[in-house]
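Listed below, chain by chain, are the residues.
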Amino acid sequence: MAEPHRSGFACFVGRPNAGKSTLTNALVGSKVAITSSKPQTTRHAIRGIVHRDDAQLVIIDTPGLHRPRTLLGERLNDIVHSTWSEVDVVGLCVPANEKVGPGDRFIAAELKKIAKRTPVIGVVTKTDLVKPEQVAEQLLALQEVMEFAELIPVSAVDGFQVGALSDLLVRHLPEGPQLYPGGELTDEPEQTLVAELIREAALEGVRDELPHSIAVTVEEMLPHEGRGDMIDVHAFLYVERPSQKGIILGHKGERLKDVGARARQQIEGLLGSKVYLDLHIKVAKEWQRDPRQLRRLGF
């Protein structure tokens, strides 16, 4: 007899920069979540859809759980906690190249509260960055943190055990039909994905304190007048202080031009069309702490 079809939701959690977004993209087989070397890049619960003959796995990539210092930080943590309550299986991601620390233990303590009803898998990420014996040590260290349903080492970069992780997650899903039409890789609106790609381009090479101050909104996307093969994208890039505007602009606007060029290339890949990107910088004073501005920026 054929195995029953399974469908359901999984989410990856972990401290900022644990490799959750890169792993989500590797499992989906396409870029649905932006990635950056800057921590706390993910700000939305992005859904990536894995289509298999035997299952449909919807992966929710969540922001990194951290001790919040702003209202934005609190809202991001709320997204993580509400996501946990809705999924069938959770993967706790811990990078192989960093010692298990207080942040990991804090998240594990939170996960213990749901582990009775929702299986938690321990995932050691970034195994391509260390020797095999370090991977083994990290698996042992992770075992001490909490009782996991399963433990698995993976590398999203070289594909090591990505398929095996997919199998593990699917095993914990309930039997059921497809939840999304075949072929869809994410249920994120195009405008959200476009805004995220602009933010990803803006994050490259900025100073450490600046990433959290950057937000992007896409005001409109519409066909270019007189050209059927081009889309006009009008977007605002928000920062919190005038001095930050100068950093993003760069000397004679060179940095913003570079951000626009890199973002446009990614957006054209996403939309399958030529793109005219109209990008402007605005200062929204202390927006991370202002409930009204947070709402306007989509948080």
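These figures come from a predicted structure and were not determined experimentally.

Notes on the overall build of the protein
In step 1: Across its full length, the protein holds nine helices and nine strands.
In step 2: Each of the 299 residues in the protein was classed as buried or not, and the buried ones make up 50%.
In step 3: Sequence separation of 24 or more characterises 70% of the internal contacts of the protein that already satisfy a separation of 6 or more.
In step 4: With an accessible surface of roughly 14,300 Å², the protein has 50% of that area assigned to carbon and sulfur atoms.

Describing the side chain of Gln56
In step 1: Relative to the helices and strands, Gln56 resides in strand 3 (residues 55-61).
In step 2: A distance of 2.6 Å separates a polar side-chain atom of Gln56 from the backbone nitrogen of Leu179.

Considering the pattern of salt bridges
In step 1: Applying the stated rule across the entire model yields nine salt bridges.
In step 2: With a closest N to O distance of 3.0 Å, Asp54 and Arg52 form a salt bridge.
In step 3: For Asp54, a relative accessible area of 33% translates into the label partly exposed.
In step 4: A salt bridge links Arg199 to Glu196; the shortest N-O distance between them is 3.0 Å. One end of the pair, Arg199, and the other, Glu196, are both in helix 6 (residues 190-203), three residues apart, so they sit about a helical turn from each other.
In step 5: The exposure class assigned to Arg199 is buried, which follows from its relative accessible area of 3%.
In step 6: Salt bridges sharing partners connect three or more residues here, namely Arg15, Glu98 and Asp104.

So, the side chain of Lys20
In step 1: Counting through the fold element by element, Lys20 comes out in helix 1 (residues 20-28).
In step 2: In terms of polar contacts, Lys20 uses its side chain to reach the backbone carbonyl oxygen of Gly14, at 3.4 Å.

Digging into the sheet that holds strand 7 (residues 215-223)
In step 1: Spatially, three strands are ordered 7-8-9 in an open sheet, and the strand pairing comes out mixed. Both outer strands of the open sheet, strand 7 and strand 9 (274-283), are each paired with one neighbouring strand and no more. Going from strand to strand, the sheet's axes swing by 20° on average, the running direction of each strand aside.
In step 2: The strands touched by helix 7 (residues 242-249) within the sheet are strand 8 (230-239) and strand 9, with strand 9 carrying the most contacts at an inclination of about 150°.
In step 3: Contacts from helix 8 (residues 254-271) reach strand 7, strand 8 and strand 9 within the one sheet, and its direction differs from that of strand 9 by about 135°.

The rules we used
- Residues numbered from 1 in each chain as written.
- Predicted model: local features only at pLDDT ≥ 70, side-chain atom pairs only at ≥ 80, totals over all residues.
- Heavy atoms only, no water.
- Helix = DSSP H or I, 4+ residues; strand = E, 2+ residues; numbered from the N terminus.
- Buried < 20%, exposed > 50% of the residue type's maximum accessible area, 1.4 Å probe, protein only.
- Contact = heavy atoms within 4.5 Å.
- Areas by Shrake-Rupley, 256 points an atom, 1.4 Å probe, with all protein chains shown as cover.
- Polar contact = N/O pair within 3.5 Å; in protein donor to acceptor, adjacent residues only side chain to side chain.
- Salt bridge = Lys/Arg side-chain N within 4 Å of Asp/Glu carboxyl O.
- Pairing = 2+ DSSP bridges.
- Axes fitted to C-alpha atoms, helices over the stretch in contact; angles between N-to-C directions.

Any functional reading would require information that these geometric values do not contain.
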